[in-house]
Every structure is written in C-alpha cells, then in structure tokens.
Amino acid sequence: MFFSIPFCRDITEEDGSNYTVYEIHLNGAVHSTVRYSQLHKLNETIQKRFNTTNLGLFPPKKLFSLSQHEKDERKALLEIYLQTIGQQPEIAKSNLFIDFLVHSQKEFNKLSDSDTVKLTVYQVDGKTISIDITGSDYTPEILQYAAASIGIDSKHHPFFALFLVKQEGHEKHIIRKLQDMECPYLALKSLDDTHSIEIRKSYWDPKFDTILMQHHVSLHMLFIECIRNLEDRWIKPKSETMKGLKQLKTAGLKEQFVKVVRSEKSLWLHEALYWDSKTTQILMWKMK
C-alpha cells in the first residue's frame, strides 16, 4: 500500500476555533482527512505497542500557530511517516493501524457503525450481488459476504478479492485492489457513477487454477473472467486457437477453456501489473 498526503487545509468551526487537517490518499485515491493530534496519538500508541525506532522522525508538537511553510514541512514529514509504516507489514497489517484507518475513513464520510447501507458488488459477467452492510463492515467482511452469496467454497475465499473498476465506453478498467483497512462503500462513495466494485480472483500465478477448478462455482468464476479477458483484448490468440476456444465455450467445457486462455503468457504479464506483489506468497502461506 502507498500513502500520500498531497493536501492540507485549515478548518474553522462555528465557535471560531480552527485547526489543520491532512488529506490522506491510499494508492492514489482519497481515503480520509485527519488532524495532527490524531496522528500524534497513533504514533505514541505504535511506539508503545511495537517498541520500534524504524519509523523515522515524527514532527514534534508546536506551542504556537504554524506558518504556511511550517504546515507544508509538517505535511511532508507526516507523509514520509505513513509511507514508512506502509513498508513495515507488522505495523501496517496490525489491528491497531487498520482500526485507525477504518475509523478515520468513517469519520471523514460521517458514517457510524450503526448506519445500514446497501452495497452492490458485481461479478465479472455483470451479474450483481446486493449486500446490506453497516458502517463497521470493511473489505474482508464484504468479500466474505459476496463470495458466500455466489456460492464460492469457503476454502477458496482467499483466492478472490474486491477491486475498484471504472467503466470507459464498452470496457472496464481495474483501478486498484481494495485493501483490508477500507470500507468498500466509502471508497466507492467518493467516486463518480462510472466506478463500481467487482469480485474477481486475487492472483496471477496459473498454478492456483488447479485448486479452484475442483469446485464448480470457482471454476465458473475463472471461466467468466477468461471470457472477459478475451473481450477486453488482454490476450489476442491466433485465429486457430480462437476457433478452438469458441468451440469449447459452446460445448460448455469450462475447464478446458480456462486452461487454453490461461496458457497465453501475455495474460500473465497483463495481470501481474495490478496484483499485489505479495499476493502469491500469502496464498502459498494460507495453503500450508
């Protein structure tokens, strides 16, 4: 995950008090705004919990109001601080840090844990899953709900993920994979209606296909994704291969169809562009 703080701005309350908020972006998209005091408290808790000295300099408190130059300097140091956390899995994947990010995202969007909303998750073939969620539900829970609704075997859930996608003309483009510390509803709410959330496989290494092919629903998920890859021209098989694929599709021979499509090396390269670099390692660890 990659953090940035491209902006900071001053907020004035009705009582005349004012403070500065810092806009956190996660993987290039707006995630939340936080105050310096919130990050300062987070840092103190992390230092106590993890006893680490590898996070670099956290900008110190100031007794007086900051000049614009000092605000920009603090913003830059806070950005480096969050980026350093993002490079340390022990902290970045801890409940402490995930809860901080989830809470700040909810606060930014004024969503409480008791609020109920409806979220639509798309399958690759355009079919939808409507899920009633609360403000306390974030990516792992939503993924589990969606996968279970489709009928994916629970052992196969780790092989799938939720993605933000954007409709451009007749094509859909994957924007990014949703992280565990995000609320999918809020991630989608901050974007226009050309964006949606899609469930699809979360790996690019074809050796995992053999595992998913053992269950008819997981196999179908691979099948419809391969069809989409062909439609989006991620691969361009030779005419003879394309003819064979059409025959396999018509005959409903999903496993053979998937194997042929997945054997195209250009597809591996295309998929590798948007998978998390550690996805394969995580899946192999879960299989042990």
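Residues numbered from 1 in each chain as written. Predicted model: local features only at pLDDT ≥ 70, side-chain atom pairs only at ≥ 80, totals over all residues. Heavy atoms only, no water.

Engineer: Explain the overall build of the protein chain here, please?
Structural biologist: Regarding its fold elements, the protein chain presents 12 helices and eight strands. For the protein chain, restricting intrachain contacts to residue pairs at least 6 apart in sequence, the fraction spanning at least 24 positions comes to 62%. By element, 51% of the accessible surface of the protein chain is carried by carbon and sulfur atoms, the whole surface being about 15700 Å². Separation between the mean location of the 38 positive side-chain charges and that of the 37 negative ones in the protein chain comes to 5 Å. (Helix = DSSP H or I, 4+ residues; strand = E, 2+ residues; numbered from the N terminus. Contact = heavy atoms within 4.5 Å. Areas by Shrake-Rupley, 256 points an atom, 1.4 Å probe, with all protein chains shown as cover. Lys, Arg positive; Asp, Glu negative; His and termini not counted. Charge placed at Lys NZ, Arg CZ, Asp CG, Glu CD.)

Engineer: It is not clear to me how the sheet that holds strand 1 (residues 3-12) should be interpreted in this structure. Could you clarify?
Structural biologist: Sheets are built from strands that pair by backbone hydrogen bonding, the pairs being arranged parallel or antiparallel. Here three strands make up an open sheet; going across it, the order is 1-2-3 and the pairing antiparallel. Two strands bound the open sheet, and with one partner strand each, they are strand 1 and strand 3 (29-35). Between one strand axis and the next, the sheet turns through 25° on average, direction left out of account. Relative to strand 3, strand 2 (residues 18-26) runs antiparallel, the two sharing six bridges. Its bridge partner lying in strand 3, Tyr-22 is registered against Val-34. Seen against the sheet, helix 1 (residues 36-50) touches strand 2 and strand 3 and runs at an angle of roughly 85° to strand 3. Each of strand 1 and strand 2 is contacted by helix 2 (residues 68-86), which is oriented at about 140° to strand 1, the strand it contacts most. (Pairing = 2+ DSSP bridges. Axes fitted to C-alpha atoms, helices over the stretch in contact; angles between N-to-C directions.)

Engineer: How do you make sense of the pairing of strand 1 when you look at a structure like this?
Structural biologist: Both faces of the sheet carry side chains from a regular strand, because those side chains alternate between them. Summarising the sheet, strand 1 and strand 2 pair through eight bridges and their orientation is antiparallel. Bridge pairing in strand 2 places Cys-8 opposite Tyr-22. Where strand 1 folds back onto strand 2 in an antiparallel hairpin, the turn is made up of five residues, including Gly-16, whose phi is positive at roughly 95°.

Engineer: It is not clear to me how the sheet that holds strand 7 (residues 171-177) should be interpreted in this structure. Could you clarify?
Structural biologist: The sheet built from five strands is open, its strands ordered 5-4-8-6-7 with mixed pairing. Two strands lie at the open edges of the sheet, namely strand 5 (128-134) and strand 7, each paired on one side alone. Sheet twist, expressed as the average angle between the axes of neighbouring strands with direction ignored, equals 45°. Across seven bridges, the pairing between strand 4 (residues 116-122) and strand 5 is antiparallel. Of the residues in strand 5, the one forming a bridge with Thr-120 is Ser-130.

Engineer: I keep staring at the nonpolar core and nothing clicks. Help me out?
Structural biologist: Across soluble globular proteins, you tend to see nonpolar side chains buried next to one another. Residues Val-121, Ile-152, Phe-160, Leu-162, Ile-197, Ile-199 and Phe-257 are the most contacted members of the largest nonpolar core, which totals 41 residues. Residues within four places of Leu-162 in sequence aside, it is in contact with Val-121, Thr-139, Ile-142, Leu-143, Lys-177, Leu-178, Pro-184, Ile-197, Glu-198 and Ile-199. The next biggest cluster of nonpolar side chains, apart from the first, holds 27 residues, and it includes Ile-24, Leu-26, Tyr-36 and Leu-96. (Core = buried A, V, L, I, M, F, W, Y, C linked by side-chain atoms within 4.5 Å. Buried < 20%, exposed > 50% of the residue type's maximum accessible area, 1.4 Å probe, protein only.)

Engineer: Looking at this structure, how should I read helix 2?
Structural biologist: One turn of the α-helix equals 3.6 residues, which is why residues spaced by three or four share an orientation. With 19 residues, helix 2 extends 27 Å between its outermost C-alpha atoms, agreeing within 8% with the 27 Å of an ideal straight helix rising 1.5 Å per residue. Along helix 2, the residues classified as buried are Lys-71, Arg-74, Lys-75, Leu-78, Tyr-81, Leu-82, Gln-83, Thr-84, Ile-85 and Gly-86. In the core, the buried residues of helix 2 are packed alongside strand 1, strand 2, helix 1, helix 3 (89-92) and helix 4 (95-108). (Expected span 1.5 Å × (residues − 1).)

Engineer: Looking at this structure, I do not really get the layout of surface pockets. What am I missing?
Structural biologist: Over the atoms a probe the size of a water molecule is rolled, and this reveals where empty space is left. Considered as a void within the structure, the second largest pocket measures approximately 410 Å³ in volume. Asn-18, Tyr-19, Thr-20, Leu-66 and Arg-74 are, among the 16 residues lining the second largest pocket, the residues nearest its centre. Of all the elements in the fold, those that place two or more residues in the lining of the second largest pocket are strand 2, helix 1 and helix 2. A total of four residues in the lining of the second largest pocket trace back to one element, the largest contributor, which is strand 2. (1 Å grid on protein atoms, 1.4 Å probe; cavity = no way out; pocket = protein on both sides within 12 Å on 5 of 7 lines; lining within 4 Å. Points joined across faces, edges and corners; volume = space filled by probe spheres on them.)

Engineer: What is the right way to read the packing of aromatic side chains from this model?
Structural biologist: To describe a pair of aromatic rings, you give the distance between the ring centres and the angle between the ring planes. Taken as a whole and assessed by the stated rule, the structure comprises eight aromatic pairs. Each ring, one from Phe-97 and one from Phe-100, has its centre 6.4 Å from the other, and the planes form 20°; the classification is stacked. Note that Phe-97 and Phe-100 are positioned in helix 4 at a spacing of three residues, about one turn of the helix. With 5.6 Å between their ring centres and 55° between their planes, Phe-159 and Phe-208 make a pair best called tilted. Here Phe-159, found in the loop between helix 5 (139-150) and strand 6 (160-168), pairs with Phe-208, found in the loop between strand 8 (195-201) and helix 7 (209-212); they are 49 residues apart in sequence, far enough to count as distant. Across the pair, exposure class does not vary: Phe-159 and Phe-208 are buried alike. Taken together through their ring pairs, the aromatic side chains of Phe-3, Phe-97 and Phe-100 make up a single cluster. Directly above the ring of Tyr-19 sits Arg-35, whose terminal nitrogen or CZ lies 3.8 Å from the centroid. (Phe/Tyr/Trp six-rings, centres within 6.5 Å; stacked < 30°, edge-to-face > 60°. Lys NZ or Arg CZ within 6 Å of the ring centre and 35° of its normal.)

Engineer: Help me understand the pattern of salt bridges in this model?
Structural biologist: A side chain with one charge can pair with a side chain of the opposite charge if their charged atoms come near. Tallied over the full model, the rule gives 13 salt bridges. Here Arg-228 makes a salt bridge to Asp-232, at a shortest N to O gap of 2.9 Å. Each member of the pair, Arg-228 as well as Asp-232, is classed as buried. Among the salt bridges present, the one from Lys-259 reaches Glu-255, with a minimum N-O distance of 3.2 Å. Taken together, the positions of Lys-259 and Glu-255, both in helix 10 (residues 254-262) and four residues apart, correspond to about one turn of that helix. (Salt bridge = Lys/Arg side-chain N within 4 Å of Asp/Glu carboxyl O.)

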